[in-house]
Amino acid sequence: MDLLYSLLLGLVQGLTEFLPVSSSGHLLLVGRIIGYTPTIAFEIVAHLGTLLAVVIAYRVRIKEYVLRPLSKPPLVLIFSTAVTAVLVYVFEDTLRATFGGTLLPYAFLLTAILIIGSSFIRERPGKTIGFFEGFIIGVSQAAAVVPGLSRSGTTISTARFLGVDRRESADFSFMLSIPIIVVSAAGELFRHCDEFLTENLLCLLIGFVAAFVSGLIAIKLVLRSIQKSGFKIFAAYLVVLSVLLFVNDMFLKWI
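All of these numbers come straight from a predicted model, not from anything done at the bench.

Here is what the cut-offs are and how they apply
Residue numbering note: each chain is counted from 1, following its sequence as written. Since the coordinates come from a predicted model, pLDDT governs what is reported: local features require at least 70, and pairs of side-chain atoms require 80 or more to be given and counted, while whole-chain, interface and lining totals use all residues. With hydrogens and water stripped out, all remaining heavy atoms of the structure feed into the side-chain values. Counting from the N terminus, the helices are the DSSP runs of H or I reaching at least four residues and the strands are the DSSP runs of E reaching at least two. For the radius of gyration, the atoms used are the C-alpha atoms, and the globule rule reads 2.2 Å times the number of residues raised to 0.38. Classification of residues uses two cut-offs on accessible area relative to the type maximum, computed with a 1.4 Å probe and protein chains only: under 20% is buried, over 50% is exposed, and between them is partly exposed. The criterion used for residue contact is that any of the two residues' heavy atoms lie within 4.5 Å. With residues, only the protein chains shown are counted as cover, and all accessible areas are computed by Shrake-Rupley using a 1.4 Å probe. The sign given to each residue is positive for Lys and Arg and negative for Asp and Glu; His and the chain ends receive no count. Charge positions come from single atoms, namely NZ of Lys, CZ of Arg, CG of Asp or CD of Glu. Salt bridges are defined as contacts in which a side-chain nitrogen from Lys or Arg sits within 4 Å of a carboxyl oxygen from Asp or Glu. Any helix carries an expected span of 1.5 Å times its number of residues minus one. Definition of a polar contact: a pair of N or O atoms within 3.5 Å, with one able to donate and the other able to accept a hydrogen when the atoms are protein atoms, and with sequence-neighbouring residues admitted only if both atoms are side-chain atoms. Any Phe, Tyr or Trp ring, taking Trp's six-membered ring, that has another such ring centre within 6.5 Å forms a pair; planes under 30 degrees apart are called stacked, those over 60 apart edge-to-face, and the others tilted. Nonpolar core, defined: a set of buried Ala, Val, Leu, Ile, Met, Phe, Trp, Tyr and Cys residues in which side-chain atoms within 4.5 Å join the residues together. Computed over the protein atoms alone on a 1 Å grid, cavities are sets of points where a 1.4 Å probe fits but cannot get out and pockets are open sets with protein on both sides within 12 Å along at least five of seven lines; a residue lines them when it has an atom within 4 Å of a point. Grid points are joined across faces, edges and corners, and a volume is the space filled by probe spheres set on the points. Charged residues are taken to be Asp, Glu, Lys and Arg, nonpolar residues to be Ala, Val, Leu, Ile, Met, Phe, Trp, Tyr, Cys and Pro, and polar residues to be all remaining types, Gly included.

Enquirer: Can you help me understand the overall build of the protein in this one?
Expert: Along the protein, the regular secondary structure elements total twelve helices and zero strands. Reading the secondary structure of the protein in the N-to-C direction produces α-α-α-α-α-α-α-α-α-α-α-α. Whereas a compact globule of 255 residues would reach a radius of gyration of roughly 18 Å, the protein reaches 18 Å, a difference of no more than 12%. The C-alpha extent of the protein, read off along each of the three principal axes, is 50 × 45 × 35 Å. Buried residues in the protein amount to 47% of all 255 residues. Pairs at least 24 residues apart make up 84% of the contacts formed inside the protein by residues separated by at least 6 positions. Carbon and sulfur atoms make up 72% of the accessible area of the protein, which amounts to about 12,800 Å² in all. The average position of the 20 basic charges and that of the 16 acidic charges among the side chains of the protein differ by 13 Å.

Enquirer: What's the story with the pattern of salt bridges in this structure? I'm lost.
Expert: Side-chain pairs of opposite charge can arise whenever the charged atoms involved come near each other. Considering all chains together, one arrives at five salt bridges under this definition. Note that Lys127 and Glu133 form a salt bridge whose closest N and O atoms lie 2.7 Å from each other. When the shortest N-O distance is used, the salt bridge between Asp171 and Arg167 registers 3.0 Å. In this pair, Asp171 and Arg167 both sit in helix α10 (residues 166-192), four residues apart, roughly one turn of the helix.

Enquirer: Before we go on, may I ask you to explain helix α11 (residues 201-227) in this structure?
Expert: Residues spaced three or four apart along an α-helix face the same direction, because each turn holds 3.6 residues. Over its 27 residues, α11 extends 39 Å from the first C-alpha to the last, a length consistent with the 39 Å expected when each residue adds 1.5 Å. N-capping of α11 is provided by Asn200, with a side-chain oxygen placed 2.9 Å from the backbone N of Leu202.

Enquirer: Sorry if this is basic, but what is going on with the packing of aromatic side chains here?
Expert: Aromatic rings in a pair are described by how distant their centres are and how their planes are angled relative to each other. Evaluated as defined, the whole model comprises six aromatic pairs. Aromatic pair Phe18 and Phe174: ring centres 5.4 Å apart, planes at 90 degrees, arrangement edge-to-face. Placement of the pair is Phe18 in helix α1 (residues 3-18) and Phe174 in helix α10, with a sequence separation of 156 residues. When the ring of Tyr106 is compared with that of Phe246, the centres are 4.9 Å apart and the planes differ by 80 degrees; the resulting orientation is edge-to-face. With Tyr106 in helix α7 (residues 104-118) and Phe246 in helix α12 (residues 232-252), this residue pair connects regions lying 140 residues apart in the sequence. Feature note: the residues Phe18, Tyr58 and Phe174 constitute an aromatic cluster, connected by ring pairs.

Enquirer: Is there a simple way to think about the nonpolar core in this case?
Expert: Looking at soluble globular proteins, one finds that nonpolar side chains tend to be buried together. In terms of nonpolar packing, the biggest core is built from 38 residues, with Val54, Tyr58, Ile137, Phe172, Phe174, Ile219 and Phe231 touching the most fellow members. At the level of elements, α3 (40-57), α5 (72-90), α7, α9 (151-161), α10, α11 and α12 are the ones that each hand at least two residues to this core. Element by element, the count of residues in this core is highest for α10, at seven residues. The residues contacting Phe174, other than those within four sequence positions of it, are Phe18, Val54, Tyr58, Arg151, Ile219, Val222 and Leu223. Formed by ten residues, the second largest nonpolar core is a distinct cluster that contains Leu9, Val12, Leu27 and Ala46.

Enquirer: Sorry, what's going on with the layout of surface pockets here?
Expert: Over the atoms, a rolled probe matching the size of one water molecule traces out where space is still vacant. Empty space within the largest pocket amounts to approximately 1,400 Å³. Taken together, 44 residues form the lining of the largest pocket, with His47, Phe99, Val145, Ser184 and Glu188 sitting closest to its centre. Only α1, α2 (23-34), α3, α5, α6 (92-96), α9 and α10 provide two or more residues apiece to the lining of the largest pocket. For the lining of the largest pocket, the element with the highest residue contribution is α10, accounting for ten residues. When the residues that make up the lining of the largest pocket are grouped by side-chain class, the tally is 19 nonpolar, 17 polar and eight charged. In this structure, the second largest pocket occupies an estimated 200 Å³ of space. Looking at the second largest pocket, it is lined by 15 residues, and the ones nearest its centre are Tyr65, Pro73, Thr128, Ile129 and Glu168.

Have a look at this one:
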């Protein structure tokens, strides 16, 4: 893999993992544009970079969960993760059929609709995320395996539809990404560990660092945006991107 491609794809992974625009969708799209598809090994390492970013950003809350593992917040997080894992396992073949990117314009547009729709929902004072909310958010996270359907955008919007305030919705979504990244990375590493033997270690390192740094920046951008104007700017971007992809697919065939 070219060093420049490693840097570019690492930055894309880190930024779009937490911005509500879909990391898997953008990696597919950027890969089409530059004519390169990242290897499984690179994707694993880039995801580990974003994992480190969210662990550092939420280190205080993670410490609280570790010290009180049987309290409600960590149990809800585990439950929500389990719901996602079960659904992904049951519908794995159906979800994998979307990995080619044929649904990208539709999924990007759906993410925008979810973001816009949730912005009209009033927050319920004192509303927290319990097991019912965790179940619904876990279902939405499973659906977000489809490239173009943003994991953060979908889970945050779902929490907002349930009346949870903006900051708590974002915090839960980011915390929820930790076990999902760990489980998915471990599974892919187990199945494709031999690929690391043929990889350029410098390229992997560049991808890891780029994903880590851009991931930290993306988390801060999301938390700042959600407290001020919300995600309207990201929704507008996704609408424009969807329209361009629809035009490309129907007429231009450029990518």
